[in-house]
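Residues per chain are reported as follows:
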Amino acid sequence: MTEPSRSPELTAPDLDFSRGLVPAVVQDAESGQVRMLAYVDEAACRRMAETGLATFHSRSRNGLWQKGETSGNVLRVERLLADCDRDALLIVARPAGPTCHTGADSCFGAAPEARLAFLSRLERVIADRDRTRPEGSYTASLLAGGPPAAARKVAEEALESAFAARFETTERVAEEAADLIYHLLVLLRAREISLDDVLRRLAARHG
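All of the points below concern the structure found in this document. (Residues numbered from 1 in each chain as written. Predicted model: local features only at pLDDT ≥ 70, side-chain atom pairs only at ≥ 80, totals over all residues. Heavy atoms only, no water.)

1. Examining the pattern of salt bridges
Under the defined criterion, the tally for this structure stands at 18 salt bridges. Across the pair Arg 121 and Glu 30 runs a salt bridge whose closest N-O atoms are separated by 3.4 Å. In this pair, Arg 121 is assigned in helix H2 (residues 112-132) and Glu 30 in the loop between strand S1 (22-28) and strand S2 (34-40), connecting sequence segments 91 residues apart. Accessibility expressed as a relative area gives 31% for Arg 121, which makes it partly exposed. On the basis of relative accessible area, Glu 30 is assigned to the partly exposed category, the value being 29%. Residues Lys 153 and Glu 157 are paired through a salt bridge, measuring 3.6 Å at the closest nitrogen-oxygen approach. Highlighted residues: Lys 153 and Glu 157, both in helix H4 (residues 146-167), separated by four residues, approximately one helical turn. Glu 157 matches Lys 153 in its accessibility class, with the two residues each being buried. (Salt bridge = Lys/Arg side-chain N within 4 Å of Asp/Glu carboxyl O. Helix = DSSP H or I, 4+ residues; strand = E, 2+ residues; numbered from the N terminus. Buried < 20%, exposed > 50% of the residue type's maximum accessible area, 1.4 Å probe, protein only.)

2. Some details on a nonpolar patch on the surface
On the surface, a cluster of nonpolar side chains totalling about 280 Å² of accessible area is made up of Val 34, Leu 37 and Phe 108. Along the chain, Phe 108 turns up in the loop between strand S6 (89-95) and H2. Judged by relative accessible area, which is 55%, Phe 108 ranks as exposed. (Patch = residues over 30% accessible without salt bridge, like charges linked within 9 Å, V, L, I, M, F, W, Y side chains within 5 Å. Areas by Shrake-Rupley, 256 points an atom, 1.4 Å probe, with all protein chains shown as cover.)

3. Let's talk about unusual backbone geometry
Non-glycine residue Arg 133 carries a positive phi angle of around 45°. Mapped onto the elements of the fold, Arg 133 is located in the loop between H2 and helix H3 (138-144). The phi angle at Glu 192 is positive, at roughly 60°, despite the residue not being glycine. By relative accessible area, Glu 192 is classed as exposed at 76%.

4. So, helix H5 (residues 170-190)
With 21 residues, H5 extends 30 Å between its outermost C-alpha atoms, agreeing within 8% with the 30 Å of an ideal straight helix rising 1.5 Å per residue. By the burial criterion, the buried members of H5 are Glu 176, Tyr 182, His 183, Leu 185, Val 186, Leu 187 and Leu 188. Once H5 ends, the next one or two residues include Glu 192, with phi positive near 60°. (Expected span 1.5 Å × (residues − 1).)

5. Here we look at the environment of Ala 151
Within the secondary structure, Ala 151 sits in helix H4. Considered as a pair, Ala 151 and Leu 184 are 33 residues apart in the sequence and their alpha carbons are 8.0 Å apart.

6. Here we look at the packing of H4 against H5
Across the interface, H4 lies against H5 with an axial gap of 8 Å and an inter-helix angle of 160°. When the axis of H4 is compared with that of H5, the two are roughly antiparallel. Along this stretch, H4 crosses H5, giving a crossing that reads as left-handed. In this structure, H4 contributes Gly 146, Pro 147, Ala 150, Ala 151, Lys 153, Val 154, Glu 157, Ala 158, Glu 160, Ser 161, Ala 164 and Ala 165 to the contact, and H5 contributes Arg 172, Val 173, Glu 176, Ala 177, Asp 179, Leu 180, His 183, Leu 184, Val 186, Leu 187 and Ala 190. Here the residues of the contact of H4 with H5 sort into 14 nonpolar, three polar and six charged. (Axes fitted to C-alpha atoms, helices over the stretch in contact; angles between N-to-C directions. Parallel < 35°, antiparallel > 145°, perpendicular 65-115°, else oblique. Left-handed = near helix turned anticlockwise from the far one by under 90°. Contact = heavy atoms within 4.5 Å. Nonpolar A, V, L, I, M, F, W, Y, C, P; charged D, E, K, R; others polar.)

7. Topic: the sheet that holds S6
With mixed pairing, the four strands of this open sheet are ordered in space as S2-S1-S6-S5. At either margin of the open sheet sits one strand with a lone partner, and together these are S2 and strand S5 (75-82). Pairwise comparison of adjacent strand axes, ignoring direction, gives a mean angle of 25° for this sheet. In this structure, S1 lies alongside S2, joined through six bridges in antiparallel fashion. For Val 26, the partnering residue across the bridge sits in S2 and is Met 36. The sheet contacts of helix H1 (residues 42-51) involve S2, S5 and S6, and relative to S5 the element is tilted by about 125°. (Pairing = 2+ DSSP bridges.)

8. Considering the nonpolar core
Val 40, Met 48, Phe 56, Leu 89 and Ile 91 are the most contacted members of the largest nonpolar core, which has 21 residues in total. Mapped by element, the contributors of at least two residues to this core are S1, S2, H1, S5 and S6. Filtering out sequence-adjacent residues up to four positions away, Leu 89 remains in contact with Pro 13, Leu 15, Val 22, Pro 23, Ala 24, Val 25, Val 40, Cys 45, Met 48, Leu 80, Leu 81 and Ala 82. Judged by nonpolar contacts, the second largest core, of 13 residues, contains Ala 149, Ala 150, Leu 187 and Leu 195. (Core = buried A, V, L, I, M, F, W, Y, C linked by side-chain atoms within 4.5 Å.)

Printed below as a string of structure tokens:
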């Protein structure tokens, strides 16, 4: 298995193991979604700091286990944070696939926040297409036309969304709304406006 790239500052935190194993919550570094809960001992913390891969103490096996060592669905650790009492650990990681043994992303089920975080990922993909302009990319070709091209597509998709809402099925409305949101993100990129800027203004109106 290829060693993950990790921050050189990744170190095992000073946890209090005087009462035994310490609970460890894994949080998705990108979406903030809670992925799983497990337990760590000193050896597991050291291993994580050394490898950059989430490692825990298995109570059933009475030993260390690296998440994803058989499935490949590893958790690449970005930060290890002890709580204020040093008796709990937060593992901020980037998942390489589902985390739960059921095949779900999270052991706690789907969270609306995780779905909304997809908008941020999509914004980054659009930004990457803008920087690299790969041949054959629809997003890159739209951005090459600047704000006018993106604005025309937003107007077109808005009309199609309105038409679907009036005359078509619920599924078609959702499809057209998805197209509208995508093209709006492209327009924001063309105007060098971040999704964060929009959300801050929206929050200020409803705060």
